[in-house]
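Fold and contact review
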Amino acid sequence: MEATILALLSCLAAGMEPGWLDAHDPVWERPPVEWKTGIPLANGHIGALVWGDGAPLKVTLDAYDAWETREKPLNGLTYAKLREMVRDGRKDEAVKCMQTEAVYGKDPYPTRLPMPRLEISGIEGLGAKQIDGRSLEGFSGRLSLYRAEAELTGRGVKARVVVPSGQRVVYMDFSGEGLGDAKVKVGFDHLSQKAKDTLAQWGYSAPETSEAADGGTLLQRTPSGYAYAVAWKRLNRKDGFTLAVSIVSSNDDPDPLAAAQKAAGAWATAEPDLSAHRAWWAKYWDKSWLTIPDARLEALYYMETYKLGCSSVPGGYPITLQGLWTLDGGLPPWSGDYHLDMNVQQSYWPIYAANRLDLGEPLYRMFSACLPRWQQQCQEFFGFDGAWAGCAIGPRGERIYGYSGVELWPGNAAWLAHHYWLHWLYSQDKVFLQEQALPMIRACFLTYANMLEKGEDGKLHVPMSYSPEYFEGSFESYVPDPTCDLALIRMLGKAILDSNAALGAEDALTPRVNEVLANLVDFPQRDNRVFVDANQPMERSHRHHSQLMMLHPLAVVSPEGSDAEKALIEGSLHQIRVLGPGQWTGWSFPWMSLIAGRAGYGNWAYQMLDVYANGFITPNTFHINGDPRIFGLSLFDYDPMTLEAGFGAAAAIQEMLLQSQGGVIRVFPSMPDRWHDAQFENLRAEGAFVVTAQMKDGKVRYVRIRSEAGGKCRIRNPFEKAPWLSRDPAEGKPAAEVVPKDGIIEFETAANSDYALFVPIMVSGSVPYVSEEESISFERDEAERHFYGVKRLARY
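Worth saying up front: this structure is predicted, and the values here are computed from it rather than measured. (Residues numbered from 1 in each chain as written. Predicted model: local features only at pLDDT ≥ 70, side-chain atom pairs only at ≥ 80, totals over all residues. Heavy atoms only, no water.)

Looking at the pairing of strand β10 (residues 140–144)
Here is the rule we go by: Strands pair, by our definition, only if DSSP identifies at least two bridges between them. Each helix is a run of DSSP H or I of at least 4 residues and each strand a run of E of at least 2, with the numbering of both proceeding from the N terminus.
Two strands pair when backbone bridges link them, and strand β1 (residues 27–28) and β10 are joined in this way by two bridges, in the antiparallel orientation. Bridge assignment links W28 to a residue of β10, and that residue is G141. One ladder, built from five bridges, connects β10 with strand β11 (residues 149–153); its direction is antiparallel. Bridge pairing in β11 links R142 to E151.

In structure tokens form, the structure reads like this:
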């Protein structure tokens, strides 16, 4: 076989050229006059949201570690006492036991803190001027996704804004004749009176400020001892000025004010060194890429991938509800905290297939540090060994009580443990498995194992729990055998057993795991429709798909499994279609896309993303929870912003192209009928396999696999006939036909080796090759470019 023939497979997947991503840069044709439509910038430590009409230009500042962390205890409430209340029908007491601890009163509770707003007045040239009573001219804004830099232009004014990677600085540069007498102000004038009164009631004093002609400072101290400083330095030039704003906290430096002043002074230069920043983002984008026929969803994917790189970086904090773009002007909705009953998990779903495993480092580091606290909480509340996190928490596990519909669920930490397991599956890092994943998984399994009770049927049952947010934490919420808990128990137990094989040693919990899995009650169901719990069929629309966690994300049932599993999946999804999405919120739709995709319903998976992109995002792609524009998609019409749904949408797009649950790689497993061409490079699969593949005219042309850890590779055959397999194709190694068995292609791999599968075109009856004409063009016409951003005329 000719070496150049197989080498062509490498050329067809040569990588994304810088500049191709530019087509998806969001462009603002109008000034973003609302905070939630602004230009988002961040570096995993601090953030800046640029908005306003130039009179003034506004920049909402943020920092991940700006928290109020004081909390209140549960005052003696235990699982045993709660069970007694439910058993005896003491409804009011059961409901109030959590609500009496409600945080929304005079006492402080853990929450992200509102941050100062930077305002620059006197640059009206950045505003859009109305002409003819209708049209606007004079303003444009663009966010370069590849460089993570924003540019604004107006009538005689040009501005650039960057939050440099690894720095505690927002860098801004202004030039042009239309600047006028620009003035800089940083402070809290934008805060609502309610927010000001609440902070004063909690003991917050006014910030300490200073101001000079070329800069200023703001130092905010908190009653808990935490403090942060904002310092800004201005450098005037003939053609404009440079403004550097630094945000430093007492967690960063014992003297945050001096450190902030030093950083601002160092960055107040007309020629900053952005090489490290640009190198970080270039490396980030080089990890993987994909292209699909739908330009709008492709643009959404890259916007969410950009926001992911802004929101979670090694050494930083995990993603909170609003990331580094916390609500401007008030205390954030739901405290802007870490919600463990779905939000944190959905935020991190895309990092695995995206081949960006390092973005999960903050998640594991922070929550592993919380494990001792969670083990103590389990003893105090349940009275036995295990881990109990609660749901709404602060950066060190601080509890935010008030909503019993999520706070008392034993599955919050268990669902989080699934991410530890996913990291092992996708990385095959045995050190991580031993030192980080197993301690969390074992502790969470113990919670359930110690909770289970044998019923009259001889089976082990969860005596009392609930399905998150179902019945909103009312008396009816407390039920036996929630399906989500049974799914989590099975996932945790199987993870421990699979770890035995991976590590070559039997875990001390193995006998108990085997006992639990052998005797655990089956999922409650009737007529092949899974129940929410032992007592309640799925009879009403609900936003939280907890009864389907067994399919996604936990993969403890599969449409490729037994006939009973297939029937249960099909019947349960039929019930979802019967009930409809009336009680769903924005984040429900990407999750349902993932569920439908796992079941092989490509059209449904696509439709859920299409609905999400139509009705539940702002022009800059921020997810809003409700349907305030009344598309008729949901009965909720509120519009608080949270980030998790967008990340869920990115994961759903990935899973239409690549799935690998259960150790079998599936390429293009849930493509909608209308998608005939697609390509991806370096998406990651379970087993530490990095996969590249192309579909053209509805047919898979090739699959390339890099095996990082070695071992057996199993792929569901995506070709119309038996493919050829080559090792090290770039070196022109010989290929041979492989015959799938039961639809699965299986072969052994060596660590750090490359493999290619393809159906060749035969030349002269003997030489296989892949035609260069099979390469997919990434060009977008003008109507498909720059889809997001505030437009003169709405695009969706």
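Quick notes on the layout of surface pockets
This is how it is decided: In this analysis the probe radius is 1.4 Å and the grid spacing 1 Å, with only protein atoms considered; a cavity is a set of points the probe fits into but cannot get out of, a pocket is an open set with protein on both sides within 12 Å along at least five of seven lines, and lining residues have an atom within 4 Å of a point. Grid points are joined across faces, edges and corners, and a volume is the space filled by probe spheres set on the points. Residues are grouped as follows: Ala, Val, Leu, Ile, Met, Phe, Trp, Tyr, Cys and Pro are nonpolar; Asp, Glu, Lys and Arg are charged; all remaining types, including Gly, are polar.
Taken as a whole, the largest pocket spans an internal volume of roughly 1,100 Å³. Within the residue set of the lining of the largest pocket, elements represented by two or more residues are α11 (411–427), α13 (483–503), α16 (588–598), α18 (644–657), β26 (658–659) and β31 (711–716). Per element, the largest residue contribution to the lining of the largest pocket is seven residues, and it comes from α13. Residues of the lining of the largest pocket, tallied by class, amount to 25 nonpolar, 13 polar and 11 charged.

Some words on the sheet that holds strand β14 (residues 183–187)
Stated formally: Angular values range over 0 to 180 degrees, each being the angle between N-to-C directions of two axes fitted as lines to C-alpha atoms, with helices fitted over their stretch in contact.
Sheet architecture is open: five strands sit in the order β2-β3-β4-β7-β14, paired in antiparallel fashion. Here the strands that pair on one side only, and so sit at the sheet edges, are β2 (39–42) and β14. Within the sheet, the average angular offset between the axes of one strand and its neighbour, ignoring direction, is 20 degrees. Relative to strand β3 (residues 46–52), β2 is paired through four bridges, and the arrangement is antiparallel. What sits directly across from P40, in β3, is L49.

Some details on the environment of G648
The line we're drawing: Contacts were defined at the residue level, with two residues in contact if any of their heavy atoms lie within 4.5 Å.
For G648, the location among the structural elements is in helix α18. With 299 residues separating them along the chain, G648 and W349 place their C-alpha atoms 6.4 Å apart. Leave out the neighbours within four places in its chain, and G648 touches Q346, W349, P590 and L594.

Some remarks on unusual backbone geometry
For the bond from A55 to P56, the omega torsion is 5 degrees, close enough to zero to count as cis. In this structure, P56 sits in the loop between β3 and β4 (57–63). P553 follows H552 through a cis peptide bond whose omega is 10 degrees. Tracing the chain through its elements places P553 in the loop between β25 (529–530) and α15 (563–579). One non-glycine residue, W334, lies in the positive phi region at around 50 degrees. In the Ramachandran plot, D481 falls in the positive-phi region, its phi being about 50 degrees despite a non-glycine side chain.

Section: helix α17 (residues 602–615)
What counts is decided by this rule: To estimate how far a helix should reach, multiply one less than its number of residues by 1.5 Å. Only protein chains enter the calculation, and the probe is 1.4 Å; a residue is then buried if its accessible area is under 20% of its type maximum, exposed if over 50%, and partly exposed in between.
Here α17 spans 20 Å end to end across 14 residues, near enough to the 20 Å set by a 1.5 Å rise per residue. Counted residue by residue, α17 has 11 buried out of 14 residues, so it is predominantly covered. Within α17, the full set of buried residues consists of G602, W604, A605, Y606, M608, L609, D610, V611, Y612, A613 and G615. Those residues of α17 that are buried are in contact with α7 (295–311), α15, α16 and α18.

Some words on the confidence of the model for the protein
Which entries qualify depends on this criterion: The pLDDT score gives, residue by residue, the confidence of the prediction method on a 0 to 100 scale.
Here the protein shows a mean pLDDT of 91. Residues at 70 or above account for 92%. Predicted confidence for residues 1–14 stays below pLDDT 50, and this span has 40 contacts to residues more than four positions away or in other chains.

Side note on the packing of aromatic side chains
Where we set the bar: Two rings from Phe, Tyr or Trp (for Trp, the six-membered ring) form a pair when their centres sit within 6.5 Å of each other. Planes less than 30 degrees apart are called stacked, planes more than 60 degrees apart edge-to-face, and all others tilted. Whether a charge sits over a ring comes down to the Lys NZ or Arg CZ being within 6 Å of the ring centre and within 35 degrees of the ring normal.
Tallying each qualifying case throughout the model produces 44 aromatic pairs. Seen from their ring centres, W281 and W285 are 6.3 Å apart, and the 35 degrees between their planes marks the pair as tilted. Of the two residues, W281 and W285 both sit in helix α6 (residues 275–285), four residues apart, roughly one turn of that helix. The class of W285 is buried, set by a relative accessible area of 1%. An aromatic cluster of at least three residues, connected via ring pairs, comprises W20, W280, W281, Y284, W285, W289, Y301, Y302 and Y306. Sitting over the ring of W388, R399 keeps its end group 4.4 Å from the ring centre. A cation sits over an aromatic face here: R540 above F471, 4.7 Å from the ring centre.

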